[in-house]
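# Fold and geometry: a report
One letter stands for each residue in the lines below.
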Amino acid sequence: MGIVKISDQMHENLRVAGSALSRSINAQAEHWMRVGMLTEMYPELDYREICQLLIRAELAGGLDITMASAGQLGKPTASAAEKKH
């Protein structure tokens, strides 16, 4: 574990969002980092699909960038994507 320096404005954003969503500042920051990381890795997915990936990763023991980069998080199936259209 390490220390990450962020701006005062980002800290305030984390405090507000965390409070609104019943998360600690650290938990909110980690959530945003996970969502951002997966969004960069899977730009074709929407927020709902990213959240589903996070749930699958948690059930598999936690989010591991090695598994995510190898596409082993169980991306939504084509039938799930078809439901959106």
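Everything below is about the structure shown above.
Remember, predicted model here, so these are calculated numbers, not experimental data. (Residues numbered from 1 in each chain as written. Predicted model: local features only at pLDDT ≥ 70, side-chain atom pairs only at ≥ 80, totals over all residues. Heavy atoms only, no water.)

### Examining the overall build of the protein
Summing up its helical and strand segments, the protein has 5 helices and 0 strands in all. In the protein, the succession of helices and strands from N to C terminus is α-α-α-α-α. Sequence separation of 24 or more characterises 33% of the internal contacts of the protein that already satisfy a separation of 6 or more. (Helix = DSSP H or I, 4+ residues; strand = E, 2+ residues; numbered from the N terminus. Contact = heavy atoms within 4.5 Å.)

### Overview of the packing of helix 2 (residues 25-41) against helix 3 (residues 47-59)
Taken N-terminus to C-terminus, the directions of helix 2 and helix 3 make an angle of 110 degrees; their axes are 10 Å apart at the nearest point. On the basis of their axis angle, the class for helix 2 and helix 3 is roughly perpendicular. Here His31, Arg34, Val35, Leu38 and Thr39 of helix 2 come into contact with helix 3, specifically with Tyr47, Ile50, Leu53 and Leu54. Looking at the contact of helix 2 with helix 3 residue by residue, the class counts come to 6 nonpolar, 2 polar and 1 charged. (Axes fitted to C-alpha atoms, helices over the stretch in contact; angles between N-to-C directions. Parallel < 35°, antiparallel > 145°, perpendicular 65-115°, else oblique. Nonpolar A, V, L, I, M, F, W, Y, C, P; charged D, E, K, R; others polar.)

### A look at the environment of threonine 39
Its location among the elements puts threonine 39 in helix 2. Residues threonine 39 and isoleucine 50, spaced 11 residues apart in sequence, show a C-alpha to C-alpha distance of 7.1 Å. A distance of 2.7 Å separates a polar side-chain atom of threonine 39 from the backbone oxygen of valine 35. (Polar contact = N/O pair within 3.5 Å; in protein donor to acceptor, adjacent residues only side chain to side chain.)

### What about the pattern of salt bridges?
Tallied over the full model, the rule gives 2 salt bridges. A salt bridge links glutamate 12 to arginine 15, with the nearest nitrogen and oxygen atoms 2.6 Å apart. On the criterion of helical spacing, the pair formed by glutamate 12 and arginine 15 is a turn pair, its members being 3 residues apart in helix 1 (residues 8-20). Exposure remark for glutamate 12: the relative accessible area of 33% places this residue in the partly exposed category. A salt bridge links glutamate 30 to arginine 34; the nearest nitrogen and oxygen atoms lie 2.8 Å apart. Separated by 4 residues within a single helix, glutamate 30 and arginine 34 lie in helix 2, roughly one turn from each other. Taking the relative accessible area as the measure of exposure, arginine 34 reaches 31% and is therefore partly exposed. (Salt bridge = Lys/Arg side-chain N within 4 Å of Asp/Glu carboxyl O. Buried < 20%, exposed > 50% of the residue type's maximum accessible area, 1.4 Å probe, protein only.)

### Digging into the environment of methionine 10
By the element assignment, methionine 10 lies in helix 1. A residue is classified by how much of its surface remains accessible, and methionine 10, at 35% relative accessible area, is partly exposed. Remark: the alpha-carbon pair of methionine 10 and alanine 29, spanning 19 residues in sequence, is separated by 9.4 Å.

That is the geometry; function is a separate question.
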